[in-house]
Structure formats: C-alpha cells, structure tokens
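An overview of the molecular structure
So you can see what is in the structure, the chains are spelled out below.
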Amino acid sequence: TPSVSNVYVVGDIVEDNTIKGNGKYFGGKEGLSKFQWFREKENGGFLLVLSNSTQYTLIKEDVGWCLKFVYTPINLEGQEGEAAFAITEAVRKAPPKVFDLKITGEAREGSKVSVTATVTGGTVASSRVQWFKASSSEFVNDHELEALCTSKVSKTFRIPLGAVGCYIVAKFTPVGPDGEIGAPAYAILDDVVETLPPSLNFLTVTGEFSEDQMLTASYGYIGGYEGNSLYSWYLHETEDDEGSPLSEASGLLQYRIKKEDVGKFVSFKCIPIRNDGIVGEPGVFMGNDRVTPGNPTVLSLELNGEAIEGTTMVANRRYWGGEEGDTVFRWVLTSSDGTWNEIEGATSSSYSLKCDDIGFYVSVSCEPVRIDGVHGSLVTTEAIGPIIPGPPACRSLELAGSMLEGGRLTSHAEYTGGVKGNCIQQWFRSHDDGSKDELIADECLDLVLADVDCRIEVIFTPVREDGVQGSPKSVSSDTILPGEPKGVSLVIPECFEDNEISPIKAYFGGKEGTGKYTWFRTTEKLDNLEPELVASCSEVVGETLLYKPSLVDVGFYLILCWVPTRCDGKTGDPLMAITDNPVMAAFPSVLDVNLKKTSSDLYSGVGIYYGGYEGSSLHKWYRESSDGTRICIDGAASSTYEVADADYSCHLLFGYTPVRSDGVIGEEKFSEPSDIIFPEQLKIETLSFKGNQVERETLAVVEQIPRNETQEHIWGNYKKEIKYQWFASNGSGVDLSFEPLATECSRSYRVRFEDIGRCLKCECIAIDVFGRSSESVSAVTSPILPGIPKIEKLEIEGRGFHTNLYAVRGIYSGGKEGKSKIQWLRSMVGSPDLISIPGETGRMYEANVDDVGYRLVAIYTPVREDGVEGRPVSASTEPIAVEPEIYKEVKQKLDDGSVKFEVLCDKDRTPKKGTSDGTFGAENFGSQQKENQSCKAWIQDIICNY
C-alpha cells in the first residue's frame, strides 16, 4: 500500500514568496499522487486554494493565516494511500518592494522629471524619493552619488543648474501603510543633463503702482550661470505702444514712481545674459493698471498778510498727491475769548478782511482735493490778529432790481472808515471771457440786449471826507436774463428763381437762438395769414431761414412762418409774411456743359438747364483742330455724336443753346474740348512662328489681328509700322528669363549655333500714324534643335607647288561638330576619276612630287557630336606645279652638265643608266651631248607636262 512520510514545507512563509511541499513516498512506483494546499479559516477549518501542485505562491489573502499542505500518495496502479500533511506558520506580510522603476522627463536644466514605479506591499504615494547626480551612468553605491535634495514623498523634481553635465539618479524607497520600509531601488536618466539657453522662467514687479511708490522687479533666471543681464524700465501712454525708456532707472531693479508718471503704464524689461555672453529672449512685465496719484496732502500751509481791515490775506500751500483739483479753503474768525466762527462764503485761497472782522483773529484751514475728487487731511494755520481798523472802506455793496433784459439795477453801498466823502461808483458789463465794458450810469442802470448773458459789476471806491481813498469794492450781479422772445417784424423781398431769399426780420427777447422757419408755396395771395389756414391751403417747401426758390416755385407766392426762439430754446408766438408778387423765372442759361464718351466712337453731350421750363434747346457739335480752328459739324444737331474719320487728331466740343418754354433764348455754352480723338488702338491677338525651329533655319513671325470691322479698318488705314525685338533665354526650365538680342529687330531671324537648346522669344508692337503703340505681344519657341551637319565655303589653302603644305578650311554648322571625316584624293586634269591618297585623312596634307600635274581634292563629310552625318562636300586645287626654285636648280644643273643622275628617256620610262664625273671627253662628246639633249627634253617634257 502506498504511503508517505516526513511531509514538510520549504521556503519563507512571506507574502509573494513561492513555497514548496515535500514528502517521502513509499509503496512501489509512484503514480499521480495528489497535492493540495489549504488556507486556515476563522472558524479553525481550512479552505482549498490550490490542487495538483507541490508549489504555491503566497498572496495577500494568505497573510496572517496558516497554510496546510496535504500529500495523498497514489501508486502506478492507481491505489491511493493514506494522506499526510504539514502545517506552516502564519503567513507574514511581505515588506514593500518596487518594480518597473523609471524616470520620465527631459534631461535638461530646469525641466521637470518624475519617477514611475510599481510598488507591492505599500503605495507609491507613501514611498519616498531622493534625487542625486552622478558623474557616470554606472555607479556602485550611494557614495558615488551627490545628493540634490532630501528624501521626499513628491515624485517630481526640477533639475537644478548644478546638475548640468551629470546624470540624474532617483533613489526610490518603498514604504508600506504601516511605515515599513523596503529595499530602495535606483533609476538613472539615459542622457547627461544639458544646459538651457538663457531665459526667464518668471518675471514680476512688486510694489504699488502709485505716485512716489517704489517698484521692485524680480525674475527667475535659467540657462547656465547668469552674466550681466540687462534691466530697463519703460513708460507707456497705452498698453500697446512701445513706450519710452526711463534712463535714470536703466540697469536697476527698482524704480520710484514720479508725479509725471501718473495716468501712464510702467513696464520692466529684462534681457537674460549667460556668463559666456549668450543673450536670451527678453522678458517684459507690464503693469496691469495705470499709475495712480498719491493721496492728496498739504505739505505746508502759510497765512500771509497783515491783520488790518481791508487787507487781503493769502493762504500759500505746498500740495502733493497727483494733479490738484478744487482744494477747499475755510476762513475762520476767532474772538479773544476763543469763540470761533467760519466766515461764510470765504472758500478761496484769499480773503479780504472786513470792518466786521476788526478785533478778531483770522486763520485758514485747507483741505487738499485731488483732480478726481479725492479729499486729503485738513490742515489749519495759526490765527493772526487781532485785526485793526483800516483806511476808508466799503463795508457792503449790493445790487437790487430786476436782472432781466429791460429791467433796472440799483446799487447800495455801506461805507466804513471815517466820515464819508465823495465816493466813486463805476458800472461795468462783465463778459464770460473776462473782458469788461465800462458803462455810464449813476446809482441806476437800465438793462439792454447787450447786457444779456453778462454780469453787471459795480466798483465802489470809498473816499473819506479829507479825500483819502480806501480800497475799492466791487459787486457783480447774477447773469442778466433775456426777455421773452418776440418777433417784431418780418418782410420777404422780391423773389426770383434760384436767387436766395434773405428775409428782413427784427427780434426781441435776449440773444436770439436758432428759430423755426417754415416756407409755404401757394397759388393765390392770402390776406388772412392764420397758421391753420396757411397750413391747410399751402405746401411746405422749406424749413430754414434762407430759401432759394427753384423751378417748381416759379409763378407761386411764398409764405414764411417764423417762430422766434431764444438761444436757450424758449419760443415766442409765430409771425408770418407773404411775398407781394409770384416768384419770377430766371433768364435761360445752361450750366456744367460737358461731353462724355459713351463708347469707343460715340459721344454724348449734357448740360444742366436753368431758367424756367426748358423749351426746344439747340445742340451743336464742333471740331477743333490743333491750331485752334473750330468748325461746326454739319448735321450734328442732337445730344449724341458718332465719331468720323475726319475727327481724328482733333478735339470735339459740344454746344448747348438754352431755350425757355416761352421762346426766350439764352447764351450758347460750350463744353471743354474732349481729348484728342483717335481711332481704336491697333491690337495684335497672337504671334506665331513660320519656319522650322532648327539651327540655320529662318524664323519669321506672323501677326494675327482681331477679326472685326473696326480693327481691319484701322489696320488698313492707320498702321504706320510694326517693331520687332528678338530675345534669347538664359538656361532652361519653367521660369525662363530672356535677354534681348540688340541687333535682331526685324520680322525674321536666322537661327544660330548659339541658340541651340535655348528658347527664342519675339515681342511685337504695332505703331499707328498717330504715334501710339499697341500692347506688346510675344511668342516663345520651343528649345532650338541643332541642324543637319553641313560644311560651307570649303576650300583648300596652299601655294600650289609640290613642296607646299595644304590645309582644308570650311564653315561648319549643325550643332556641335564631332569627328568629321576628311579624305584627300588626286584628280587628273580632264579626267573625272579620283585617286585616293592612302592614309591622308587629316585637315593638313603635305604635297610631294607624285602630286605634280594633279589636282588635289579633299572630301569633307561633316559629323555632329552625336554621330549624325551630313552631306559630303569636296574642294580641289589647281594642278600642282614643281617648286620654281627646284625647277631652276635642276635646269641649271642640266645646262652645266655637272650632275650625275639616271633618267628614263623612252616613253615607258625604262631607266637607262648614264654616268658622268662632271667632265666630257672629245670622243664621247657628241653622244653625250645627244643624251643630254634627250634628257633635257625629257625633263622639260616632265616639267611642261606637270
């Protein structure tokens, strides 16, 4: 029977570890024994968690519980034995571990990097990270690392400047919820930390943007070690303008706002510069709000003046806090017992001491007010006094009466300062602009229109009985009000068409404003001008004071209704007037006579008729030549005129004689002369090329004119000449540029070798007999092709003797010449046969005695560089002769008989030998002489034959 003993479990009983169950089997050969793993339950039982495996990986649910491994032995026949088991200790929780640790982010100064990891037995959030820098990407322990920060929970880190050129290392220490710390892990960035270009990561200005406040700029620099960065402050009228630099704050991080800066924007500009001189992008901080003024403050206040009746006390103050507004002053009188009273109405910076002020002390308080209405703290001066009596003075001065146009004003003065004498009283009219007009009056003044909207001022000069004068005193009335508006009279003068009517009217009631005027037109003259009656039987034609009768008013009566209006808008009763006679028509005339070109050969004359209703006005057309001669065109009696050939190079004028409907004729008026009349300009629709676009060919351009009657007419009658200009392209491709061929200005052009591969362009302009040019029209060829190889003017150069050198010359065309072929031949005079000279295929040939009597012939076969052959061409010389000097020398030798040579004396040229030693004996003289004569004859025969 199979059995098992010594069952046990090996491995650390810790979460995440894999443990293994073992046992010693007995009972034959082991078959498929059973292996089971159980987890302890709360009730003491066990729960099956895994079967058929001797290994088991501890998981989170196993922590704190015992595991039981059950081994059931089974032999090979399938017989099952008694199971045995082993129970482990309680599973312990695994310490925190970290997996898949890596750093993400860019290895650059100022960049933010972070670590990501998978933590078991703890949480990423509670784990701690410490950042280091390393000089190498490989390190052994912490001693080779330099800490950049302390251990923190944060998983992100901004790379500092000190890490430039090093590797960034993250030490990740996993931490469990209960604070248990696991083994740290390390991660390193792949690349060395690079420095950034100099830049600003923040820029701000602190401080209050207010008058006299100090602004302080601060910024964050990144991009290596900072050098001498540049600072500048600017003042802006608006947020969008460039601003003006504040030179006094250049290079400073602080700026104190001045009074002149109030209401403007202040900005700070920083240009970062690295210590190696590299300049970064500038940063600008613009204040969000305009500079505000400071709180209004009186820095000092002084009361100047002597405490004497009639003296004007002046409060001098020194203000600060933006633009000063209406600062408030209060004058105070203080009695000897300390009782004080504010002087009513004394609110300016000065105050004149009065009779009632005698015995009192005077002081002034000042409350500063900024222009925007903000008030500051009240400041008060010390009291000055007591006030002593002064010279003669006017204690009070008043004006009484109706302050209305047509009213009467009376002055009342109270004198102080001794016995009253003959005091002086003056009246003035004060205008708003500060000017005054002195008036003649005693104690009363009657107000007139000139006083309206002015103030009446009375100046009273106190005079004591002994003639001593005191200080003058003045009083001003309120603004004189106008009387009720009223129309006194209204008259309409005689009316004519288009003559502006200016009614004659008289107004009363203050300064006249813009009255309301209504013009009516009626067929009959009304006796009763009641507004309702006029409105019911008349037509409204205008609503202004002035009215210009038009054509439709002729024969009608005009009525004007005037509602007088004061300048303040108050109105009076309406006043009406009617013309004595109907509106008369004006004398007929015409305005703005001009002519218009309505089409290429049609003109229209227009004018504005004036003077009643138009009748059958007269129209005429005139032709004006260049010398100023003007001729009336027969039959042209309508407002339109069609141009004829006779009008060309002349001006046209339109004459308009106005005729009124009643037959009255006005003066004829002429339009301005038209521009010089010309026919329609010559036009060329297209250009085309005639001929092959090949080297040596002649290209001719053909103009295509529009197929219409007008163009055919002017081309047939007014064409003077056609100008051409040829161009050659530079290079090839889509965008061709052309250069003019200065000498090529004819209709045709012979294509040259230089044109091969280039495009040719011809521009054409037609000029008429009036000197006008048509629009330029051009045509462009396709790239020029080389011509068939050809040799022209082929000739052989040489002196014509058998000892000379001969050369073949000719003009090649047909693209770039390749290896052209040349063959030299001999030709017998009078025979068509050619004898090839072997081996002679060059451009040069050296003649010899064999050529004597023959013509030299050269056959030239032109060959293009691409191998294309042209038609062979030949050239020949005159028969080759013996060199005259050689002939002369031979003849001399023969005559002297002093030369030994062999000659052929028979016809078949068989050589016969003869010798000579230069002398002739008597015995053989005859035969020798006969032979010499025979030789001479043969040589002469040769020479003559050749």
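Small disclaimer: the values here were computed from a predicted structure and weren't measured. (Residues numbered from 1 in each chain as written. Predicted model: local features only at pLDDT ≥ 70, side-chain atom pairs only at ≥ 80, totals over all residues. Heavy atoms only, no water.)

**Looking at the overall build of the protein chain**
Within the protein chain one finds four helices and 64 strands. Across its three principal axes, the protein chain shows a C-alpha extent of roughly 195 × 150 × 75 Å. Expressed as a percentage of the 946 residues in the protein chain, the buried residues total 38%. Summarising the internal contacts of the protein chain: among those between residues at least 6 apart in sequence, 60% fall at separations of at least 24. Total accessible area computed for the protein chain in this model is approximately 52300 Å², and 49% of it derives from carbon and sulfur atoms. Distance between charge centroids for the protein chain: 11 Å, based on 91 positive and 140 negative side chains. (Helix = DSSP H or I, 4+ residues; strand = E, 2+ residues; numbered from the N terminus. Buried < 20%, exposed > 50% of the residue type's maximum accessible area, 1.4 Å probe, protein only. Contact = heavy atoms within 4.5 Å. Areas by Shrake-Rupley, 256 points an atom, 1.4 Å probe, with all protein chains shown as cover. Lys, Arg positive; Asp, Glu negative; His and termini not counted. Charge placed at Lys NZ, Arg CZ, Asp CG, Glu CD.)

**Focus on helix α3 (residues 884–896)**
Relative to the 18 Å expected for 13 residues at 1.5 Å per residue, α3 spans 18 Å between its end C-alpha atoms, a close match to the ideal helical length. Where α3 terminates, the next one or two residues include G897, which has phi positive at roughly 65°. (Expected span 1.5 Å × (residues − 1).)

**Focus: the side chain of S729**
Along the polypeptide, S729 turns up in strand β51 (residues 719–730). A polar side-chain atom of S729 sits 2.9 Å from the main-chain amide nitrogen of C759. (Polar contact = N/O pair within 3.5 Å; in protein donor to acceptor, adjacent residues only side chain to side chain.)

**Examining the environment of S671**
With respect to the helices and strands, S671 occurs in the loop between β48 (669–670) and β49 (686–690). In this structure the C-alpha to C-alpha distance between S671 and L449, which are 222 residues apart in sequence, comes to 54 Å. Those residues in contact with S671 that sit more than four places away from it in its chain are V593, N594, L595, L653 and F654.

**Let's talk about the side chain of Q130**
If you trace the backbone, Q130 turns up in strand β10 (residues 123–134). Within the structure, the side chain of Q130 is placed 3.0 Å from the backbone oxygen of C149, a separation counted as a polar contact. Filtering out sequence-adjacent residues up to four positions away, Q130 remains in contact with A147, C149, T150, S151, V169, A170 and K171.

**Comments concerning the nonpolar core**
Counting residues in hydrophobic clusters, the biggest one holds 39 residues, and the most contacted among them are Y603, W621, L652, I684, W715, W726 and L760. Listed in part, the 21 residues of the second largest apolar core include V98, A107, I159 and V193. (Core = buried A, V, L, I, M, F, W, Y, C linked by side-chain atoms within 4.5 Å.)

**Section: the sheet that holds strand β8 (residues 97–104)**
Within the open sheet, the three strands sit side by side as β8-β9-β12. Their pairing is antiparallel. Both edges of this open sheet fall to β8 and β12 (156–158), since each of them pairs with a single strand only. Adjacent strand axes in the sheet meet at a mean angle of 20°, parallel and antiparallel pairs treated alike. One ladder, built from six bridges, connects β8 with strand β9 (residues 112–120); its direction is antiparallel. Bridge pairing in β9 places V98 opposite V119. (Pairing = 2+ DSSP bridges. Axes fitted to C-alpha atoms, helices over the stretch in contact; angles between N-to-C directions.)

**A closer look at the pattern of salt bridges**
Enumeration according to the criterion identifies 39 salt bridges in this entry. A salt bridge links K34 to E80; the shortest N-O distance between them is 3.8 Å. Within this pair, whereas K34 is found in strand β3 (residues 34–40), its partner E80 is found in the loop between β6 (67–72) and β7 (84–87), the two being separated by 46 residues in sequence. Among the residues examined, K34 registers a relative accessible area of 38% and is labelled partly exposed. Two residues, R826 and D851, come together in a salt bridge whose shortest N-O distance is 2.2 Å. Of the two residues, R826 sits in strand β58 (residues 821–828) while D851 sits in the loop between β60 (844–846) and β61 (854–861), which places them 25 residues apart along the sequence. Among the residues examined, R826 registers a relative accessible area of 13% and is labelled buried. The buried category is assigned to D851, whose relative accessible area is 0%. Among the charged side chains, a salt-bridge network with shared partners connects E106, R108 and E194. (Salt bridge = Lys/Arg side-chain N within 4 Å of Asp/Glu carboxyl O.)

**Overview of helix α2 (residues 709–718)**
Within the sequence span of α2, burial applies to Q711, I714, W715 and Y718. The arc that holds every buried residue of α2, seen down its axis, measures 110°, which confines them to one face. In α2, the exposed residues that point more than 90 degrees away from the buried face are E709 and G716. Those residues of α2 that are buried are in contact with β51 and β54 (760–768). (Arc of directions from axis to C-beta.)

**Section: the packing of aromatic side chains**
This structure, assessed with the given rule, holds 23 aromatic pairs. Note on W519 and Y547: the rings are 5.3 Å apart at their centroids and 25° apart in plane angle, and the pair reads as stacked. One end of the pair, W519, is in strand β38 (residues 516–522); the other, Y547, is in the loop between β39 (539–542) and β40 (557–563), and 28 residues separate them in sequence. By the burial criterion, W519 is buried, and Y547 matches it. Seen in terms of ring centroids, Y648 and Y718 are 5.4 Å apart; in terms of plane orientation they differ by 85°. Their pairing is edge-to-face. (Phe/Tyr/Trp six-rings, centres within 6.5 Å; stacked < 30°, edge-to-face > 60°.)

**Quick notes on the sheet that holds strand β11 (residues 146–147)**
An order of β11-β10-β13-β14 is seen for the four strands of this open sheet, with the pairing classed as antiparallel. At either end of the open sheet lies a strand with only one pairing partner, and these are β11 and β14 (185–188). Here two bridges tie β10 to β11, and the two strands are oriented antiparallel to one another. Residue pairing across strands places K133 opposite E146, the latter belonging to β11.

**Topic: the environment of L353**
When you line up the elements, L353 lands in the loop between β26 (350–352) and β27 (361–367). Separated by 34 residues in the primary sequence, L353 and I387 have C-alpha atoms spaced 8.0 Å apart. With near-sequence residues (within four places) excluded, L353 lies in contact with E306, A307, I308, E309, G310, T311, M313, V362 and I387.

**Section: the environment of L67**
When you line up the elements, L67 lands in strand β6. Linking L67 and P872, residues 805 residues apart in sequence, is a C-alpha distance of 114 Å. Dropping the residues within four chain positions of it, L67 is found in contact with I19, F38, R39, Y56, L58, D62, A86, I87, T88 and V91.

**Considerations on unusual backbone geometry**
Following G385, the chain continues to P386 via a peptide bond in cis, the omega torsion being 0°. Relative to the helices and strands, P386 is located in the loop between β28 (379–380) and β29 (393–401). Despite not being glycine, N6 shows a phi value in the positive range, around 55°. Within the secondary structure layout, N6 lies in strand β1 (residues 3–10). By relative accessible area, which is 56% here, N6 ends up exposed. Non-glycine residue S649 carries a positive phi angle of around 70°.

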